[in-house]
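Notes for the structure review
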Amino acid sequence: MSTVSYYTAEGLKKLRDELDQLKSIERPKASAAIAEARDKGDLSENAEYDAAKEAQGLLELKISKMEEVVSNARLIDESQLDTSKALVLSTVKIKNQANGMEMKYTLVAESEADLKTGKISVTSPIGKGLLGKSVGEIAEINVPNGILKFELLEITRD
């Protein structure tokens, strides 16, 4: 039941680097912690050993999940994307119809979303509402607070 997820080159590299970090640094640390706890004596009453084994199990689970994500990751070919509509990797300039405020966001995959840097997920309510819209269109987006209306002012690729 694996799902394909799409990444930019930067996002995929970051994911692979994190996986390498877990395998090459964190895994040996976990093994060393188990060995150190084992050297402290009776394993039946050794809470430190039990904690180290549990930590190792959680680490291996995390590594396994990340390997699955990396194996199902697909790189987005930006040259094949239509620039007339808001799609993944589009940078959109929008205007809130209610208060006239203008904002600029880049639509990215869920795993790369970071509001501080202006990257919003295409699976978020605003991201979903903007997908497929062209310049000049009004996107009506259902949010918990009601309906927001955004006008698409410009679409670019950075």
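Residues numbered from 1 in each chain as written. Predicted model: local features only at pLDDT ≥ 70, side-chain atom pairs only at ≥ 80, totals over all residues. Heavy atoms only, no water.

Ranked by internal contacts, the top residues of the largest apolar core, which has 15 residues, are Ala86, Val92, Ile94, Tyr105, Leu107, Leu130 and Leu152. Those elements giving two or more residues to this core turn out to be β3 (90-96), β4 (102-108), β6 (138-143) and β7 (146-157). In this view, Ile94 contacts Met101, Glu102, Met103, Tyr105, Leu130, Phe150, Glu151, Leu152 and Leu153; residues no more than four positions away in its chain are not counted. Ile63, Met66, Val70 and Ala73 belong to the second-largest nonpolar core, a separate cluster that totals 11 residues. (Core = buried A, V, L, I, M, F, W, Y, C linked by side-chain atoms within 4.5 Å. Buried < 20%, exposed > 50% of the residue type's maximum accessible area, 1.4 Å probe, protein only. Helix = DSSP H or I, 4+ residues; strand = E, 2+ residues; numbered from the N terminus. Contact = heavy atoms within 4.5 Å.)

What follows is about the domain arrangement of the protein chain. Here the domain parsing of the protein chain yields domain 1 (5-75) and domain 2 (78-156). One C-alpha centre belongs to domain 1, the other to domain 2; they are set 36 Å apart. Contact with domain 1, which involves five residues of that partner, is made by five residues of domain 2. For the pair domain 1 and domain 2, the two sides together bury roughly 370 Å², of which 50% comes from carbon and sulfur. Applying the counting rule to domain 1 against domain 2 returns zero salt bridges. Summed over the shared surface of domain 1 and domain 2, the result is zero residue pairs in polar contact (both at pLDDT 80 or more). At the level of secondary structure, the elements contributing two or more residues to the side of domain 1 that touches domain 2 comprise β1 (5-7) and α1 (9-38). In terms of residue class, the side of domain 1 that touches domain 2 is made up of two nonpolar, two polar and one charged. (Domains from an automatic or database assignment. Buried area = accessible area lost by both parts, 1.4 Å probe. Salt bridge = Lys/Arg side-chain N within 4 Å of Asp/Glu carboxyl O. Polar contact = N/O pair within 3.5 Å; in protein donor to acceptor, adjacent residues only side chain to side chain. Nonpolar A, V, L, I, M, F, W, Y, C, P; charged D, E, K, R; others polar.)

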